[in-house]
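# Examining the three-dimensional arrangement
Read off the chains here:
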Amino acid sequence: METMENMMIQLHIWPVVALAFLIALNIVVILMQKDDRKLKKYLRIQATAWTTLMSMILFTGAAVMAYLHIGFSVKIILMIVAAVALSSLEIRRHYLIKRSRPGNECFSDARKKVLRYYIFQLLWILMIGGFVPQLP
């Protein structure tokens, strides 16, 4: 029974690590890619990977919570708030990229805002990963 619990928790943790890696990779791509059209195309395509990973995190989190009969604690509430915050930042980033036009000066502003959104997402993941396990 204990191995099943450990496996479920690992199935929840690995998508979180993969999402943090994807966000870090996106930050690097934003800083390194100079062609605005390629950047926009990359960011629109990778949104599918982001959505898939976030769906895996939410599904496995709900499954672990149901399987282990975990009630709502401070940890769970903070994880739910983090999921909502990450999703809202991603929605804002997606619409910003969708509305921006490569080659215009407004795209450089959009690039800065997108970078800021990704940094906030990475900070949310690091805060939850670092602080939540120590809470009761």
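Residues numbered from 1 in each chain as written. Predicted model: local features only at pLDDT ≥ 70, side-chain atom pairs only at ≥ 80, totals over all residues. Heavy atoms only, no water.

### Here we look at the overall build of the protein
From N to C terminus, the protein includes four helices and zero strands. Counting helices and strands in the order they occur from the N terminus, the protein gives α-α-α-α. In terms of overall dimensions, the protein has C-alpha extents of about 55 × 25 × 20 Å along its principal axes. The contacts of the protein with a sequence gap of at least 6 include a subset with a gap of at least 24, amounting to 83%. Of the charged side chains in the protein, 16 are positive and 7 negative, and the gap between their average positions amounts to 9 Å. (Helix = DSSP H or I, 4+ residues; strand = E, 2+ residues; numbered from the N terminus. Contact = heavy atoms within 4.5 Å. Lys, Arg positive; Asp, Glu negative; His and termini not counted. Charge placed at Lys NZ, Arg CZ, Asp CG, Glu CD.)

### Details of helix α1 (residues 2-32)
Look at α1: 45 Å from first C-alpha to last across 31 residues, which is about the 45 Å you get at 1.5 Å a residue. Regarding α1, the residues found buried are Met8, His12, Pro15, Leu19, Ala20, Leu22, Ile23, Asn26, Ile27, Val29 and Ile30. Contacts from the buried residues of α1 go to α2 (36-67), α3 (74-99) and α4 (105-131). (Expected span 1.5 Å × (residues − 1). Buried < 20%, exposed > 50% of the residue type's maximum accessible area, 1.4 Å probe, protein only.)

### Looking at the environment of Ala66
Residue position: Ala66 is located in helix α2. Sequence separation of Ala66 and Tyr117 is 51 residues, and the distance between their C-alpha atoms is 32 Å.

### A word on the layout of surface pockets
By volume, the largest pocket is sized at about 790 Å³. What lines the largest pocket is a set of 28 residues, and nearest its centre among them are His12, Ile57, Gly61, Met79 and Ile128. (1 Å grid on protein atoms, 1.4 Å probe; cavity = no way out; pocket = protein on both sides within 12 Å on 5 of 7 lines; lining within 4 Å. Points joined across faces, edges and corners; volume = space filled by probe spheres on them.)

### What about the pattern of salt bridges?
Applying the stated criterion across every chain yields a total of two salt bridges. For the salt bridge of Glu90 with Arg93, the shortest nitrogen-to-oxygen distance reads 2.7 Å. In this pair, Glu90 and Arg93 are both assigned in helix α3, three residues apart and thus about one turn of the helix distant. With respect to class, Glu90 is no different from Arg93; both count as buried. (Salt bridge = Lys/Arg side-chain N within 4 Å of Asp/Glu carboxyl O.)

### Considering the environment of Leu89
Looking at the element boundaries, Leu89 is found in helix α3. Put simply, Leu89 and Phe120 are 31 residues apart on the chain and 8.1 Å apart in space, counted from C-alpha to C-alpha. Beyond its immediate stretch of four places on either side in the chain, Leu89 contacts Tyr117, Phe120, Gln121 and Trp124.

### Things to note about the packing of α1 against α2
Where α1 contacts α2, the axes come no closer than 9 Å and their chain directions differ by 160°. Taken as axis vectors, α1 and α2 run roughly antiparallel relative to one another. Taken as a pair, α1 and α2 cross one another with a handedness that is left-handed. Within the contact of α1 with α2, the residues separate by chemical class into 25 nonpolar, five polar and one charged. (Axes fitted to C-alpha atoms, helices over the stretch in contact; angles between N-to-C directions. Parallel < 35°, antiparallel > 145°, perpendicular 65-115°, else oblique. Left-handed = near helix turned anticlockwise from the far one by under 90°. Nonpolar A, V, L, I, M, F, W, Y, C, P; charged D, E, K, R; others polar.)

### Details of a positive patch on the surface
A cluster of basic residues, Arg92, Arg99, Lys113 and Arg116, forms a positive patch at the surface. Taken together, the elements giving at least two residues each to the positive patch come down to α3 and α4. Tracing the backbone shows Arg116 in helix α4. With a relative accessible area of 43%, Arg116 lands in the partly exposed category. (Patch = residues over 30% accessible without salt bridge, like charges linked within 9 Å, V, L, I, M, F, W, Y side chains within 5 Å. Areas by Shrake-Rupley, 256 points an atom, 1.4 Å probe, with all protein chains shown as cover.)

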